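Descriptive structure summary
One-letter residues, chain by chain:
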Number of protein chains: 2
Amino acid sequence: MKRTTIKDVAKKLNVSVSTVSRAFNNKYDIKEETKELIIKTAKELGYRPNPIARKLIQQRSYNIGIIVPEFVNSYFPDVIMEAQKVLIDKGYQVLIMQSNDSSETELKNLETLLDNMVDGLIVSLIREDDNIEKYKELLDDKMPIVFFNRVADKLDACKVVFDDFKWAFFATEHLILQGYEDIVYLSGPKHMRLSLNRIMGFEKAHRKHRRDVGKIIPCGFSMEEGAKAARQMIENNQVPRAIFAANDHCAIGAMRVFKEYGYNIPKDVAIVGFTESRLAEHIHPTLTTVEQPTKDIGITAANLLIEQLENKGMFVPQTIVLNGRLNVRESSVTH
Amino acid sequence: MKRTTIKDVAKKLNVSVSTVSRAFNNKYDIKEETKELIIKTAKELGYRPNPIARKLIQQRSYNIGIIVPEFVNSYFPDVIMEAQKVLIDKGYQVLIMQSNDSSETELKNLETLLDNMVDGLIVSLIREDDNIEKYKELLDDKMPIVFFNRVADKLDACKVVFDDFKWAFFATEHLILQGYEDIVYLSGPKHMRLSLNRIMGFEKAHRKHRRDVGKIIPCGFSMEEGAKAARQMIENNQVPRAIFAANDHCAIGAMRVFKEYGYNIPKDVAIVGFTESRLAEHIHPTLTTVEQPTKDIGITAANLLIEQLENKGMFVPQTIVLNGRLNVRESSVTH
DNA sequence: CTGTTAGCGCATTCAT
DNA sequence: ATGAATGCGCTAACAG
């Protein structure tokens, strides 16, 4: 069963292939009448333009690569699915790769995507310093790239970021306003800009309310790391009144340990997470957390990329900062 | 910065393009010496064969489509990532689509993928009866398809499935052996083969141990549904001694409600989930659950597809049944 | 408004 | 063992 080609349609109607082509790319002059006839006949014959041939002649792959660190948290799948919707609508094909939290894998992914001739990239970096030369090269070659979530200051490119500073500030202030004196911040890796921004928000909230800034403990984004941090606090007899965690998984890991040791959440220890996860509403107590606009992030990144793709060359890199929401739940509220 | 083409390499070495082509597809006679020289020079020039041109001439897209119902549970991302690894290794490009639990979306995804001329498909169905005609058509046209997880009996195709019967049996038997008398099964949707298989396993375990088969309550795969079912049992004063749930989310939803109402897990109600999730180890109490071999599923599906791709035509559809593991944890063990 | 022509980059058949 | 020629399906420049 051979695929119907443009020739079959042309032959059938005794027109030239270019006329058929015009009908399908309605940008050249073509009589409305013939155009409709062609479209109609094409449909009857089951003709669909061969995207591969089109790509070859147009010298564009219509492939977009997306690279993310992991798929463990729902954050990245959520962002990706939204971005994909937008891109597919515009006729792009989306290739998704995850780097498994390894910069080497990230580089390999990058190369796989380049081999597949992607026209553009949407990337969340593993580490802001690794592979940076490679990205610079690509950027210099005018490869459209939009970074999001984990971005590198050193890269002059389009970025879609969350206002980590502001929302860390709000989350911290929320804890302060609830009357918690002694707040510990379980911070994400310090090599990430977003960790630093959140730390700054954490500090600012303290300053605003004239408190001493609470302890900042480097942690990570996994339940294990959250649990480990909690265990350490307990062992060291340094359990604070409240904890603000790098993300929900980390918060939940810590929460679990505290509960195991008989601490009541939030009476003994209040907890706030970050980046609303699917679990936040479902654990006990339900978790107060900052919700990131995953949909918006995906859509915005995709749109920025499309803009670049369409105005290749004359395009000014811009950074778009998105807003979030604090979902206050049981884990941080004592009545 | 134009991409180096096969011509550039040929010109540089004063050989013909066909010789270069041969060097890169080492299947024709070519002197080892010239071949090496060509490969070496090609690398120097930064030449990489244009996959699009290759696809056009070979009449293959090297695109593989993967369609899954959702990305909420970690199950599908896990399977996909493994399948993708295998496929990319073989030079395929993977297009991932999720159906959002809607058969219409599934159909749209299917068409998007077909537009992109996928050479093959890996699919987990939304409903076993929907879109079945479409799949039959594709299968009749010799489109290589591998179904997994949610498959349709009516489709004569390659399938990779989990032994739901056996592992539901083991899970149930585990509860029986722990001494729980009265076991309720929160079943997944009855239109799914896998739900029925699990029910059969549930029943068989009861028969083997000469018990009356416990109640089977149709539920679903979400936390909400699990919670709802639990609430209903409590209201109706029909709380069983043990619950076997359709999946971990469902189990956790139910667990939460029971805990809220002061039930102790596992003393008052024991709970077993299905399809090991990231949460199982991290909630309290930790959840006993059946682990599915997600990696194997992904790898097997990919390999089956590759086999079909390579032996197109003379290929006998086969069903591969994979084994799992019961991870016994606190939620089902009373000491 | 439409047809003719060329060619995107490559694999492959047919010569040699 | 290698080169020349052909064409995959399509778009676009050029003619008319």
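The rules we used
- Residues numbered from 1 in each chain as written.
- Chains lettered and ligands numbered in written order.
- Predicted model: local features only at pLDDT ≥ 70, side-chain atom pairs only at ≥ 80, totals over all residues.
- Heavy atoms only, no water.
- Least-squares fit on C-alpha atoms with pLDDT ≥ 70 in both.
- Contact = heavy atoms within 4.5 Å.
- Domains from an automatic or database assignment.
- Buried area = accessible area lost by both parts, 1.4 Å probe.
- Axes fitted to C-alpha atoms, helices over the stretch in contact; angles between N-to-C directions.
- Helix = DSSP H or I, 4+ residues; strand = E, 2+ residues; numbered from the N terminus.
- Parallel < 35°, antiparallel > 145°, perpendicular 65-115°, else oblique.
- Left-handed = near helix turned anticlockwise from the far one by under 90°.
- Nonpolar A, V, L, I, M, F, W, Y, C, P; charged D, E, K, R; others polar.
- Salt bridge = Lys/Arg side-chain N within 4 Å of Asp/Glu carboxyl O.
- Polar contact = N/O pair within 3.5 Å; in protein donor to acceptor, adjacent residues only side chain to side chain.
- Near = heavy atom within 4 Å.

A few points about the relation of the copies chain B and chain A
In this arrangement, two copies of a chain are superimposed by a rotation about an axis accompanied by a shift along the axis. Structural alignment of chain B on chain A gives an RMSD of 0.1 Å, achieved by rotating through 180 degrees and translating 0.0 Å along the axis. In short, the pair behaves as if placed about a two-fold rotation axis. Counting the interface residues of chain B, we find that 100% of their copies in chain A are interface residues as well, pointing to one common contact surface.

Comments concerning the domain arrangement of chain A
Residues and elements named next belong to chain A. Under the domain assignment, chain A is made up of domain 1 (6-58), domain 2 (63-162 + 294-323) and domain 3 (164-292 + 326-332). Spacing between the C-alpha centres of domain 2 and domain 3 amounts to 29 Å. If you look at the interface, domain 2 gives 16 residues, while domain 3 gives 17 residues. Interface of domain 2 and domain 3: buried area, both sides summed, is about 1500 Å²; carbon and sulfur atoms make up 46% of it.

Considerations on the packing of helix H6 (residues 103-115) of chain A against helix H7 (residues 132-140) of chain A
All names here are of chain A. Closest axis-to-axis distance for the H6/H7 pair is 11 Å, and the angle between their directions is 25 degrees. Judged on the interaxial angle alone, H7 and H6 are roughly parallel. Crossing geometry of H6 relative to H7 is assigned as left-handed. Listed contacts from H7 to Glu106, Leu107, Leu110, Glu111 and Leu114 of H6 are Lys134, Tyr135 and Leu138. For the contact of H6 with H7, the class distribution of residues is 5 nonpolar, no polar and 3 charged.

Brief notes about the interface of chain B and chain A
If you look at the interface, chain B gives 38 residues, while chain A gives 38 residues. Where chain B touches chain A, the interface holds 2 salt bridges. Counting across the interface, chain B meets chain A through 10 residue pairs in polar contact (both at pLDDT 80 or more). Secondary-structure elements contributing two or more residues to the side of chain B that touches chain A are helix H4 (51-58), helix H5 (75-89), strand S2 (93-98), helix H6 (103-115) and helix H10 (223-235) of chain B.

Comments concerning the protein's contact with DNA strand C
Around DNA strand C sit 29 residues, and of these Ser18, Thr19, Arg22 and Ile57 of chain A together with Ile6 of chain B come closest. Take the atoms of DNA strand C that sit within 4 Å of the protein: sugar and phosphate atoms are 60% of them. Thr19 of chain A has a polar side-chain atom sitting 2.4 Å from a phosphate oxygen of DNA strand C. The contact in question runs from a phosphate oxygen of DNA strand C to an N or O atom on the side chain of Arg54 of chain B, over 2.9 Å. Of all the secondary structure elements, the ones that give two or more residues to the surface near DNA strand C are helix H2 (17-24) and helix H4 (51-58) of chain A together with helix H1 (6-13), helix H2 (17-24) and H4 of chain B. Across the surface near DNA strand C, the residue classes tally to 10 nonpolar, 11 polar and 8 charged.

A closer look at the packing of helix H1 (residues 6-13) of chain A against helix H3 (residues 32-45) of chain A
In helix packing, the relevant descriptors are the interaxial angle and the interaxial distance, both defined with respect to the helix axes. Residues and elements named next belong to chain A. At a closest axis distance of 10 Å, the pairing of H1 and H3 adopts a crossing angle of 120 degrees. Here H1 is positioned oblique relative to H3, judged by the angle of their axes. Note that H1 runs across H3; the crossing there is right-handed. Two secondary-structure elements touch here, H1 through Asp8, Val9, Lys12 and Leu13 and H3 through Leu37, Ile38, Thr41, Ala42 and Leu45.

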